[in-house]
Amino acid sequence: MDFREFLKNNIVFLDGATGTILQESGLPSGEKPEKWGVTHPAVLQKVHQSYYNSGSNVVCTNTFGANSLNYDDNELRQIVFCAVENAKKARESSSGKQEKFIALDIGPTGKMLAPYGDLEFEKAVEIFAKTVRLGVEAGVDLVLIETMNDCYETKAALLAVKENCDLPVIVSNAYNEDGKLMTGASPSVMVATCEAMGVDAIGANCSFGPNALMGVIKEMLSVASVPVVLKPNAGLPKVKNGKTEYDVCARSFAIDVSNAVKEGARVVGGCCGTTPEYIRRLTDECSHLTPVEITDKKITCITSGSNCVKFGDEPLLIGERINPTGKKKFKEALRNNDEDYVLNEAIKQVERGAKALDVNVGLPEIDEVTVLSEIVKKLQTVTNVPLQIDTTNVIALEKALRVYNGKALINSVNGKKQSMDEVFPLVKKYGGVVVALTLDEKGIPSTADERVQIALKIANEAKKYGIDKKDIVFDTLTMAVSADKTSAHVTLDALSQLNELGYKTILGVSNISFGLPNRDFINSTFFALALERGLSSAIMNPYSAEMMKVYYSYCALKGIDENCAKYIDFATGVQIETLAPTKSTTSISHNSLSELANAIIKGLRKATVEQTKKLLDEKSAMQIVNDDIIPALDEVGKAYERNEVFLPGLLMSAECAKNAFDLIKQRTKKQGANKCAFVIATVKGDVHDIGKNIVKLLLENYGFEVTDLGKDVAPEIIVDEVVRQNAPLVGLSALMTTTVPAMEQTIKLIRERAPWCKVVVGGAVLTEEYAQRIGADRYCKDAMETVRFAESVWAMKA
């Protein structure tokens, strides 16, 4: 049976952990598990067979880390083919009578994608694509992308699958304690992004036990129109009688996961610490259950890499200022490649209430194909609101959609056949909500009924591409009332009709006043009329006091604004004449800080460099560090610890601070106010270094002399470096359960040869208790906590 067909009407049981069992079978500490499929095929076949015999419908190949970063082409081919062959032999020899499938297992690269790391998006796509092509050639039935902790890397992997096969694909992400990915994406963001790209099922794995992940799963069930996946750990690791165990037993695991099935989860299995016994009990516990029907949630939403915005919750304000039309300064900024001007426009619009931003760089004299995608990438480093990609250039549109992190608003398609033929394939491939203009080859109709008929034609054509009405937002076209006194009536009547048919709508409000004086008077009144007719979203100027008065007043009067809280905040927090904020409208309060500090906080690299150069002529390097750079980092760090700023924002600020430090070092010809040495490494056998690299960047910004030994580093090399530097601090990282023993060996060797050194450990598989068990001085859950610990150690020694 085809897996997609099976998924429609059945609860699907995945397998459990592989690495845990391989360790019990003798996998040496530090050895890569994927190689055992080649050197110990019988062991892998036995593991897979035991899961099939326990009731698993899907067994995952032993290819979690099989990619071209870790293996050369010949090795990779051998590993993937042997892994698939081992699964096939297990399936053939299994005694289980259930439907059985083989999934190509794809894990993260272990690297952070640019601009926060050094792995370019297209390179990541190709890395995943190589593995996918080999898996397809070897004969897998579906692809499982799992344990991803970044929306952008997830998109790269999903795009690689979609471009290289038509097999079913499941995406499962690893969530933190706060219910978000490492880079800040919520379950709603991941559902919207992956559903739009055509994923067959979406869910969560690893991280925690089943109960701890239920908040994530419930959110997914409330928004997902595809099957939801739950693949939790057997709880958290702990030490009992000198042996590592997990704190959720097979019976409790089965009961907890079966409760998730009753709630609506459709695809279930186990991750770290689970065994065939866990799966056997799970299938038994669910044997009497029937799958909960999956319904279309009919949610129209757009996302960034960390923020989901729904149409319909309240009128959606889309800032119009990143557009050269009628804006002399913006045109000059584009011509002069003044990216900070553009980025500042984005930041200011968000501070003034915009929930999404229109992005248009269409000037005849610039290379729109290149500039649009670059501006989109840079905008996503300084703001977390979704973007509307606004262009008539289809090549530029595709390039921008490809690199966009999340589910974009696409502006636009219209009723012309050429437009629909060009734009709809891109909407289907990359996902997004498309703005549909109610015009066609005959132009803009003069009546509301004709515009509605074009809208229905567009919707019917979209269906042929598999684009649902929830992913179309209609623009009934705002025309200048100065040229046609009926234009407002026609636009609003068409809007009302589409609203009654269940469609979401959008208008470029300011077009109504073209050619008239005091345009805000007309714009704001028209905006109010449109809102009362059911307008879903408006492309508008958030700097306009008149427009924002209407917006906040409307929300208060319609009962959208609970207790009129937003209206009160707006009315008391701004100087109405200029709409200049008199108090911070962002989560970080930084009005009292210097221009350099604010540039660092906002992630503006060019402004950071310019302000640092300026200050170097005015005060000492130490004053700049203490008065400007460190206070900025502290502000962002505290906001990060409060979950008000997520990892991308933290990293962009850290990169800006690094640029400032580099300039100071060049000018002063010395290293500046460095603190103590800190040796850092990912332990033997582990090739994941995202967390380590983040810690390194922040430590360097706080003045520590960091020696980064890289990934897959033997215990002896780490200890030799600690001894050589007489380093008081060492940081060890591990993502995989199979490499934690190597971490323990390293700590043991440090205690023997460098007993003065404090050991801090981190990684997805670690807990406070487990860190204590292996002899670490401190477990830190994130980079900022590591900085705080390092500063406390340094303070005691200073």
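Structure: see above.
Please read all numbers here as calculations on a predicted model, not as lab measurements.

## Quick look at the overall build of the protein
Next up, step 1: When helices and strands are counted, the protein shows 30 helices and 27 strands.
Next up, step 2: Relative to its length of 798 residues, the protein is compact, with a C-alpha radius of gyration of 28 Å against a globular reference of 28 Å.
Next up, step 3: A principal-axis box enclosing the C-alpha atoms of the protein has dimensions of 85 × 70 × 50 Å.
Next up, step 4: Counting only residues that meet the buried cut, the protein has 59% of its 798 residues in that class.
Next up, step 5: Contacts in the protein between residues at least 24 apart in sequence constitute 75% of all its contacts with a sequence separation of at least 6.
Next up, step 6: Total accessible area on the protein stands at roughly 30900 Å², and carbon and sulfur atoms take up 49% of it.
Next up, step 7: Put simply, the protein has 92 plus and 103 minus side-chain charges, and the middle of one group is 0 Å from the middle of the other.

## Some words on the sheet that holds strand S25 (residues 729–733)
Next up, step 1: If you walk across this open sheet you meet the five strands as S24-S23-S25-S26-S27, and the pairing is parallel. Two strands in the sheet have a free side with no partner beyond their single neighbour: strand S24 (705–708) and strand S27 (778–779).
Next up, step 2: For strand S26 (residues 758–762) and S27, the ladder comprises two bridges, and the chain directions are parallel. Following the sheet pairing, Val-761 is matched in S27 by Tyr-779.
Next up, step 3: Of the strands in this sheet, strand S23 (677–682), S25, S26 and S27 are in contact with helix H30 (residues 783–797), which crosses S26 at around 175 degrees.

## Regarding helix H10 (residues 250–263)
Next up, step 1: A rise of 1.5 Å per residue sets the reference length of H10, with its 14 residues, at 20 Å; its end C-alpha atoms lie 20 Å apart and thus fit the reference within 8%.
Next up, step 2: Restricting attention to buried positions, one finds in H10 the residues Ala-250, Phe-253, Ala-254, Asp-256, Val-257, Ser-258, Ala-260 and Val-261.
Next up, step 3: On the buried face of H10, the contacting elements are helix H9 (214–223), strand S7 (228–232), strand S10 (267–268) and helix H11 (276–285).
Next up, step 4: With its phi angle positive at about 135 degrees, Gly-264 sits one or two positions after the end of H10.

## Digging into the pattern of salt bridges
Where charged atoms from two side chains of opposite charge approach closely, those side chains can pair.
Next up, step 1: In the structure shown here, the tally under the stated rule is 45 salt bridges.
Next up, step 2: The salt bridge involving Arg-335 is made with Glu-332; its shortest N-O contact spans 2.8 Å. You can see Arg-335 and its partner Glu-332 sitting in helix H12 (residues 328–335), three residues apart, about one turn around the helix.
Next up, step 3: For Glu-332, a relative accessible area of 36% translates into the label partly exposed.
Next up, step 4: The salt bridge partner of Glu-374 is Lys-377, with a shortest N-O separation of 3.0 Å. Of this pair, Glu-374 and Lys-377 both sit in helix H14 (residues 368–382), three residues apart, which is roughly one turn of the helix.

## Quick notes on the pairing of strand S18 (residues 472–475)
Next up, step 1: Taking every second residue as pointing to the same face, both faces of S18 are buried, with Ile-472 and Phe-474 on one and Val-473 and Asp-475 on the other.
Next up, step 2: In the sheet, S18 pairs with strand S19 (residues 504–508) via three bridges, with the strands oriented parallel. Residue pairing for S19: Val-473 is matched across the bridge by Lys-504.

## Quick notes on the packing of aromatic side chains
Next up, step 1: A full pass over the atoms with the stated rule returns nine aromatic pairs.
Next up, step 2: When the ring of Tyr-552 is compared with that of Phe-570, the centres are 4.5 Å apart and the planes differ by 20 degrees; the resulting orientation is stacked. Taken together, the positions of Tyr-552 in helix H20 (residues 545–557) and Phe-570 in helix H21 (residues 565–573) put the pair 18 residues apart, joining distant regions of the chain.
Next up, step 3: We classify Phe-570 as buried; its relative accessible area is 9%.
Next up, step 4: Cluster of aromatic residues (ring-pair linked, three or more members): Phe-3, Phe-6 and Phe-101.
Next up, step 5: The lysine or arginine in question, Lys-32, covers the ring of Tyr-71, its NZ or CZ lying 5.1 Å from the ring centre.

## Focus on the nonpolar core
Next up, step 1: Residues Ile-145, Ile-202, Val-268, Leu-379, Ile-389 and Phe-474 are the most contacted members of the largest nonpolar core, which totals 149 residues.
Next up, step 2: With nine residues, helix H6 (residues 121–138) is the single largest residue contributor to this core.
Next up, step 3: For Val-268, the contacting residues outside a window of four places in its chain are Ile-11, Val-12, Phe-13, Leu-14, Leu-230, Val-257, Val-261 and Leu-282.
Next up, step 4: If you look at the next biggest cluster of nonpolar residues, it comprises 51 residues, including Leu-633, Tyr-640, Leu-697 and Val-787.

## Some words on the packing of helix H26 (residues 690–701) against H30
Next up, step 1: The contact between H26 and H30 brings their axes to 9 Å, and the two run at 45 degrees. Relative to H30, H26 is oriented oblique. For the pair H26 and H30, the crossing hand works out as right-handed. For the pair H26 and H30, the contacting residues are Ile-694, Val-695, Leu-698 and Leu-699 in the first and Ala-783, Met-784, Thr-786, Val-787 and Ala-790 in the second.
Next up, step 2: When its residues are assigned to classes, the contact of H26 with H30 shows eight nonpolar, one polar and no charged.

## Structural notes on the sheet that holds strand S6 (residues 201–206)
Next up, step 1: Pairing is parallel across the open sheet formed by eight strands, whose spatial order is S1-S10-S7-S6-S5-S4-S3-S2. On the outer flanks of this sheet lie strand S1 (12–13) and strand S2 (58–60), each paired with one strand and no other.
Next up, step 2: Both S1 and S10 contribute to a ladder of two bridges, which runs parallel. Each residue of the ladder has a partner; that of Val-12, found in S10, is Val-267.
Next up, step 3: Lying over the sheet, H6 contacts strand S3 (101–106) and strand S4 (142–148), oriented at roughly 160 degrees with respect to S3.
Next up, step 4: Its contacts with the sheet put helix H7 (residues 151–164) on S4 and strand S5 (169–173), and the angle it makes with S4 is roughly 170 degrees.

## Here's the deal with the environment of Lys-310
Next up, step 1: Mapped onto the fold, Lys-310 is located in strand S12 (residues 308–310).
Next up, step 2: Placed 11 residues apart in sequence, Lys-310 and Ile-299 show a C-alpha to C-alpha distance of 7.1 Å.
Next up, step 3: With sequence-adjacent residues up to four places away left out, Lys-310 is seen in contact with Val-223, Ile-299, Thr-300 and Cys-301.

## Section: unusual backbone geometry
Next up, step 1: Of the consecutive residues Ala-114 and Pro-115, the connecting peptide bond is found in the cis state with omega at 10 degrees.
Next up, step 2: You can see Pro-115 is positioned in the loop between S3 and H6.
Next up, step 3: Cis geometry is adopted by the peptide bond preceding Ser-412, which originates at Asn-411 and carries an omega value of 20 degrees.
Next up, step 4: Despite not being glycine, Asn-337 shows a phi value in the positive range, around 55 degrees.
Next up, step 5: You can see Asn-337 is positioned in the loop between H12 and helix H13 (339–351).
Next up, step 6: Classification of Asn-337 by relative accessible area gives exposed; the value is 59%.

## Considerations on helix H24 (residues 621–641)
Next up, step 1: In this model H24 runs 28 Å from its N-terminal to its C-terminal C-alpha over 21 residues, within 8% of the 30 Å that 1.5 Å per residue would give.
Next up, step 2: The axis of H24 is deflected most strongly, by about 30 degrees, at Ile-629, and proline Pro-631 appears within four residues downstream.
Next up, step 3: The set of residues buried in H24 consists of Ala-621, Ile-624, Val-625, Asp-628, Ile-629, Ile-630, Ala-632, Leu-633, Val-636, Gly-637, Ala-639 and Tyr-640.
Next up, step 4: Looking one or two residues past H24, Asn-643 carries a phi angle of roughly 60 degrees, positive in sign.

## Section: the side chain of Lys-327
Next up, step 1: The topology assignment puts Lys-327 in the loop between strand S13 (316–322) and H12.
Next up, step 2: We note that Lys-327 is buried and unpaired, the nearest opposite charge coming from Glu-320 at a distance of 5.3 Å.
Next up, step 3: Within the structure, the side chain of Lys-327 is placed 3.3 Å from the backbone oxygen of Asn-323, a separation counted as a polar contact.
Next up, step 4: What Lys-327 contacts, discounting residues up to four positions off in sequence, is Glu-320 and Arg-321.

## A closer look at the environment of Pro-28
Next up, step 1: With respect to the helices and strands, the residue Pro-28 is situated in the loop between helix H2 (19–24) and helix H3 (36–39).
Next up, step 2: Under the relative-accessibility criterion, Pro-28 is labelled partly exposed at 36%.

## Section: the side chain of Lys-100
Next up, step 1: Summarising the element assignment, Lys-100 is placed in the loop between helix H5 (73–93) and S3.
Next up, step 2: Despite its burial, Lys-100 remains without a salt bridge, the nearest opposite charge being carried by Glu-99 at 8.2 Å.
Next up, step 3: Apart from the residues within four sequence positions on either side, Lys-100 is in contact with Tyr-52, Asn-57, Arg-91 and Ser-94.

Parameters at a glance
- Residues numbered from 1 in each chain as written.
- Predicted model: local features only at pLDDT ≥ 70, side-chain atom pairs only at ≥ 80, totals over all residues.
- Heavy atoms only, no water.
- Helix = DSSP H or I, 4+ residues; strand = E, 2+ residues; numbered from the N terminus.
- Rg over C-alpha atoms; globule rule 2.2 N^0.38 Å.
- Buried < 20%, exposed > 50% of the residue type's maximum accessible area, 1.4 Å probe, protein only.
- Contact = heavy atoms within 4.5 Å.
- Areas by Shrake-Rupley, 256 points an atom, 1.4 Å probe, with all protein chains shown as cover.
- Lys, Arg positive; Asp, Glu negative; His and termini not counted.
- Charge placed at Lys NZ, Arg CZ, Asp CG, Glu CD.
- Pairing = 2+ DSSP bridges.
- Axes fitted to C-alpha atoms, helices over the stretch in contact; angles between N-to-C directions.
- Expected span 1.5 Å × (residues − 1).
- Salt bridge = Lys/Arg side-chain N within 4 Å of Asp/Glu carboxyl O.
- Phe/Tyr/Trp six-rings, centres within 6.5 Å; stacked < 30°, edge-to-face > 60°.
- Lys NZ or Arg CZ within 6 Å of the ring centre and 35° of its normal.
- Core = buried A, V, L, I, M, F, W, Y, C linked by side-chain atoms within 4.5 Å.
- Parallel < 35°, antiparallel > 145°, perpendicular 65-115°, else oblique.
- Left-handed = near helix turned anticlockwise from the far one by under 90°.
- Nonpolar A, V, L, I, M, F, W, Y, C, P; charged D, E, K, R; others polar.
- Bend = angle between axes of the 7 residues up to and from the residue.
- Polar contact = N/O pair within 3.5 Å; in protein donor to acceptor, adjacent residues only side chain to side chain.

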